[in-house]
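Chains, contacts and geometry: an overview
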Amino acid sequence: MHLGGFEGEELIDFFLTEYKPTPILSPWNGRGGFRTRKPQKGERAVRTITESDDPRLESLQRTIEKAQKLVDLAIEMEWADQTGKVTNKNKPLFLAACRSEFPDEALDWLDAVFVLSDDKKPNYPLLLGGTGGALGSGDISASYLESVNFITDSKRRSWSRELLSNALFAQGNPKLHRIPIGHLMPGTAETVNSSAFGSATSAVNPWSFVLGMEGTLLFASGVARRFRGSRGMATTPFTVSKSPVGYSAADNEAIKGEMWLPIWERPMTLPEVRRILAEGRLSWNGTHASNGVDAAKAISTLGVDRGLNRFERYVVATRYGNMTLAVPVGSFPVVKQPAERVHIIREIDPWLNRVRRGTLPASARTALRRVDAAQMQIVQTPHTAGSLQEFLVEIAALEWIVSRNPDLRARARSPVPPLSIERWAELLDDETTEWKLAVSIGTQRDRFPRGQHLSHSEQRRGAAACFLRPVKLHAEPFRRHLLDWTDRVSGSANPVSWSTDHRLSAMLIHRSILCGDRQAGEGVVTIGSGAPIAFDRFSPVPMTHISAFLHGPLDRKRLGRLIPVAAMLNRPPSWKGSDPDQNHSPWRQFLSPARALLGPFFHSRPLRKETDSGEEAEHLLIPSLSWPQKLRAGQTRSVATEALIRLRAAGYRPGVRPQSLQVTSEERFVASLLIPAFTYAIQNAIEIVCPPTPDPTIKGET
């Protein structure tokens, strides 16, 4: 076996005869090996190394000598009691003394285990548990010294070789040693239910532990300025604060943070590894990733050093009393191509970050956890539109919660800004009927002249989003692309919990009330009294989709979740393509006569009708403002009678009786009138109730 210029046996011989362990000592901890009371494991390990004549331990011996002098000084200066226990008050002074007096070869350990900030307060990096080298009631450096004694013991040379071969090349199955190493290998910790018979003893390969501790020294710590420089926080490369997403934690469990450790499969030299860990940052949205969700998004958008294959996510938690454990909670590959769906959600980050600031009510905290879980799902499945849709579903739910809390509204400043149809539509489109219907319903808008100041009713009715989200249009012409919080939300409860049919029927009724002062465009001939209710700008759908909404197989719950998502888009998508149903009409056999009759009255475009003189005339059929309420109340016959009269006034010859126009679900029927169709399809639908050859037995209504 060949590795890094060494044959396998040469490498084993090097570690057995020439390897010099790095000094790793923690004299500031109670069980670090320097207390004057009854000797324990740490003290016995320190004494064994001190009395050894092995030249490989000279560096450790010099550091132990310095540490012992500092402990004696601490007792003399009353930084510690007579047993050598350093008090918390004086620990910063003792740590500073260690940093000043330890030999150079021991400074890497000090940099990895603690950092002194400007206020001289010690900060402990997360990689080693965030405890300054403590290991529950023990000490990690004491376990390291015990392992060093084991691997350098000449009496155990044969056993040590077997363990080293197993650690380096996974060869053999040697007997392991009982050494507590805590969170570095939580599977070997002596914890509750760690065996079929209760608690198993710790079983560790000392060579794996020693070499692993050598590796931790590459993670140089520092003090990162956060919160506008208000305080310093010790940071380890690829370490972020916690995000309670993707794992379960007990209510009383303390989560210290997360580590996202890089994995590479190609061989790397030590300088390359040092460079990666020296950079040691996950970049998201132009800044360091601050939590686990940002770290996952950074990985998916190549915000990390190249040459890495994946990152392993670890949550550092305090469990089983005061035991710190690093729990693996997921593996995240580094993608070769940027994930556009992950990249684009950064547009909502500023709004989310404003909401997160300060104390949050329980409902907002729960909603934010769902938002973060949805972001993590996008990272894990970046090539599916469904994950991005679910993220915006949770954003819409959070927006409703924010809108009902004055403090959160002020903190957020405004609703979620409109999303660009050019950037978002393709990434959200999953080619399903539910999504196409959602876009058609949710993106409808009115057309206002440039520079017009909007009235209060125009602000509240000017877009479908004003009924599907707690928003209204901005009144000022130069700020028309922005949204304001609505002054009140229609209905006494959160519409998010309403059924799809109920929500859409309520939307049409509410719009009909607000459209009382609305006028048709200049030069448009209207038929009947009332006002135009349909939106001016829309993206039509084939009539087969409207038939599916009324009668066909459709996931109505999913449609209801997607409609507010579509309402976040800033305008309807273009529909320059032709209707796929234009050359054939399978929808005619599914479309009810009632929908064919009333659909033209809720269409914003004038319809063409040939007069008796052979000329074509355009008429805009407008409904009475009371029709939506009457229809939901079950008065279909009354509304149909009025509609037939207006059709005759426009020159049509209906061939159906009002009593034959029945609907199976009033709310669903009213909701279907919100769905815009192609003008030619509306024109053709009239033929269902106005056939070319009318029934001569049907007399006109008066």
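Residues numbered from 1 in each chain as written. Predicted model: local features only at pLDDT ≥ 70, side-chain atom pairs only at ≥ 80, totals over all residues. Heavy atoms only, no water.

1. Considering the overall build of the protein
For clarity, the threshold we go by: A run of DSSP states H or I qualifies as a helix once it reaches four residues; a run of E qualifies as a strand once it reaches two. Both are numbered from the N-terminal end. Burial status follows relative accessibility: with a 1.4 Å probe on protein chains alone, a residue under 20% of its type maximum counts as buried, one over 50% as exposed, and anything between as partly exposed. The contact criterion used throughout is that any non-hydrogen atoms of two residues lie within 4.5 Å.
When you go through the protein residue by residue, the secondary structure sums to 27 helices and 19 strands. A buried classification covers 50% of the 702 residues belonging to the protein. When contacts within the protein are restricted to residue pairs at least 6 apart in sequence, those whose partners lie at least 24 apart make up 71%.

2. Focus: the sheet that holds strand β10 (residues 254-263)
The line we're drawing: Should DSSP find at least two bridges between two strands, the strands are regarded as paired. Angles run from 0 to 180 degrees between N-to-C directions of axes, and those axes are lines fitted to C-alpha atoms, restricted for helices to the stretch in contact.
Across the sheet, four strands lie side by side as β9-β10-β13-β14; this open sheet has antiparallel pairing. Each edge of the open sheet is held by one strand with a lone partner, namely β9 (239-240) and β14 (323-333). In this sheet, strand β13 (residues 310-319) lies alongside β10 in antiparallel orientation, the contact comprising nine bridges. When the sheet's bridge partners are listed, Gly257 is paired in β13 with Val316. Helix α10 (residues 292-300) rests against β9, β10, β13 and β14 of the sheet, and its axis sits at about 15° to β10.

3. Details of the packing of aromatic side chains
Keep this limit in mind: Stacked, edge-to-face and tilted labels apply to pairs of Phe, Tyr and Trp rings (six-membered ring for Trp) whose centres lie within 6.5 Å, assigned for plane angles under 30 degrees, over 60, and everything in between, in that order. Comment: the charge-over-ring label is applied if NZ (Lys) or CZ (Arg) is within 6 Å of the ring centre and within 35 degrees of the ring normal.
Throughout the structure, instances matching the rule amount to ten aromatic pairs. For the ring pair Phe238 and Phe311, a centre distance of 5.4 Å and an interplane angle of 65° mean the geometry is edge-to-face. Of this pair, Phe238 sits in the loop between β8 (231-235) and β9 while Phe311 sits in strand β13, and the two are 73 residues apart along the sequence. As far as the burial class goes, Phe238 and Phe311 line up, both buried. Cluster of aromatic residues (ring-pair linked, three or more members): Phe14, Phe15, Tyr19 and Trp207. The ring of Phe535 carries the charged tip of Arg511 above its face, separated from the ring centre by 3.7 Å.

4. Overview of the nonpolar core
Stated formally: The criterion is simple. A nonpolar core is a set of buried Ala, Val, Leu, Ile, Met, Phe, Trp, Tyr and Cys residues joined through side-chain atoms within 4.5 Å.
Formed by 132 residues in total, the largest nonpolar core has its most connected members in Phe391 and Trp424. Not counting the four nearest positions on each side in its chain, Trp424 is found in contact with Ile344, Ile345, Glu347, Ile348, Leu388, Leu392, Leu419 and Leu569. In terms of nonpolar packing, the next biggest core, distinct from the first, is built from 53 residues, Trp28, Val46, Tyr144 and Phe209 among them.

5. What about the environment of Tyr247?
Position of Tyr247 among the secondary structure elements: in the loop between β9 and β10. When its relative accessible area of 17% is taken as the criterion, Tyr247 is described as buried. A sequence separation of 80 residues divides Tyr247 from Val327, and the C-alpha atoms of the two residues are 9.6 Å apart. Aside from chain neighbours lying at most four places away, what touches Tyr247 is Lys242, Ile255, Glu258, Arg313, Val315 and Val329.

6. Structural notes on the environment of Lys85
On the secondary structure map, Lys85 appears in the loop between α3 (58-76) and α4 (91-101). The exposure class assigned to Lys85 is partly exposed, which follows from its relative accessible area of 47%. Sequence separation of Lys85 and Ile75 is ten residues, and the distance between their C-alpha atoms is 8.4 Å. Sequence-distant contacts of Lys85, that is, excluding residues within four places in its chain, are made with Arg35, Trp79 and Ala80.

7. Description of the pairing of β10
Looking at chain direction, β9 and β10 are connected through two bridges and run antiparallel. Residue pairing in the sheet places Thr239 in a bridge with Met259 of β10.

8. Some remarks on helix α20 (residues 500-514)
Going by this rule: Helix span, expected: 1.5 Å multiplied by one less than the number of residues in the helix.
For α20, built from 15 residues, the straight-helix expectation of 21 Å at 1.5 Å per residue is met to within 8% by its first-to-last C-alpha distance of 21 Å. Across the 15 residues that make up α20, a large majority, 13, are buried.

9. Quick notes on the confidence of the model for the protein
Inclusion rule: Across the chain, each position has a pLDDT score giving the predictor's confidence in that residue, from 0 to 100.
Of all residues in the protein, 86% attain a pLDDT of 70 or more, and the chain-wide mean is 84. Of the regions scoring below 50 in pLDDT, residues 225-232 engages in twelve contacts with residues more than four places distant in sequence or in other chains.

10. With respect to the side chain of Glu394
By the secondary structure assignment, Glu394 is in helix α14 (residues 385-403). Apart from the residues lying within four places of it in its own chain, the contact partners of Glu394 are Arg370, Val371, Ala374 and Arg561.

11. Here we look at the pairing of β13
The buried fraction of β13 amounts to seven of the ten residues, a majority that puts the element mostly inside the structure. Two elements, β13 and β14, share ten bridges in a ladder whose sense is antiparallel. Across the sheet, Phe311 pairs through a bridge with Phe332, a residue of β14.

12. Some remarks on a positive patch on the surface
Put simply, the rule reads: Within this analysis, patches are made of residues with over 30% relative accessible area and no salt bridge. Like charges are joined at 9 Å or less; nonpolar side chains (Val, Leu, Ile, Met, Phe, Trp, Tyr) at 5 Å or less. All accessible areas in this document rest on Shrake-Rupley with a 1.4 Å probe, and a residue is counted as covered only by the protein chains that are shown. Any Lys or Arg side-chain nitrogen found within 4 Å of a carboxyl oxygen on Asp or Glu counts as a salt bridge. None of His or the chain ends enter the tally, which takes Lys and Arg as positive and Asp and Glu as negative. The location of each charge is read from NZ of Lys, CZ of Arg, CG of Asp or CD of Glu.
On the surface, Lys38, Lys41, Arg44 and Arg47 cluster together to form a positively charged patch. Relative to the assigned elements, Lys38 resides in the loop between α1 (8-17) and α2 (41-51). By relative accessible area, Lys38 is classed as exposed at 69%.

13. Considerations on the pattern of salt bridges
Enumeration according to the criterion identifies 31 salt bridges in this entry. Between Arg561 and Glu390 there is a salt bridge, with the nearest N and O atoms lying 2.3 Å from each other. Within this pair, whereas Arg561 is found in helix α22 (residues 556-566), its partner Glu390 is found in helix α14, the two being separated by 171 residues in sequence. Exposure remark for Glu390: the relative accessible area of 33% places this residue in the partly exposed category.

14. What to know about helix α12 (residues 349-356)
Given 3.6 residues per helical turn, the α-helix brings residues three or four places apart onto the same face. Among the residues of α12, Asp349, Trp351, Leu352, Arg354 and Val355 are the ones counted as buried. Of the surrounding secondary structure, the elements contacted by the buried residues of α12 are β11 (283-284), α10, α13 (362-380), α14, α15 (406-412) and β16 (483-485).

15. Structural notes on the packing of α12 against α13
Threshold: By definition, turning the near helix anticlockwise from the far helix through less than a right angle yields a left-handed crossing, and turning it clockwise yields a right-handed one. Charged residues are taken to be Asp, Glu, Lys and Arg, nonpolar residues to be Ala, Val, Leu, Ile, Met, Phe, Trp, Tyr, Cys and Pro, and polar residues to be all remaining types, Gly included.
One way to put it is that α12 packs onto α13 with a least axis distance of 12 Å and a crossing angle of 145°. Where α12 crosses over α13, the handedness of that crossing is left-handed. Residue-level inspection shows Asp349, Leu352 and Arg356 of α12 in contact with α13, the latter providing Leu368, Val371, Asp372 and Gln375. Considering only residue class, the contact of α12 with α13 consists of three nonpolar, one polar and three charged.

16. Topic: unusual backbone geometry
Located in the positive-phi region is Ala170, a residue other than glycine, with phi close to 55°. With respect to the element layout, Ala170 can be found in the loop between α7 (157-169) and α8 (206-216). Assessed through its relative accessible area of 65%, Ala170 is described here as exposed. In this model, Arg413 sits at a positive phi of 75°, which is unusual for a non-glycine residue. In this fold, Arg413 is placed in the loop between α15 and α16 (421-428). Arg413 gets classed as exposed once you look at its relative accessible area, which sits at 59%.

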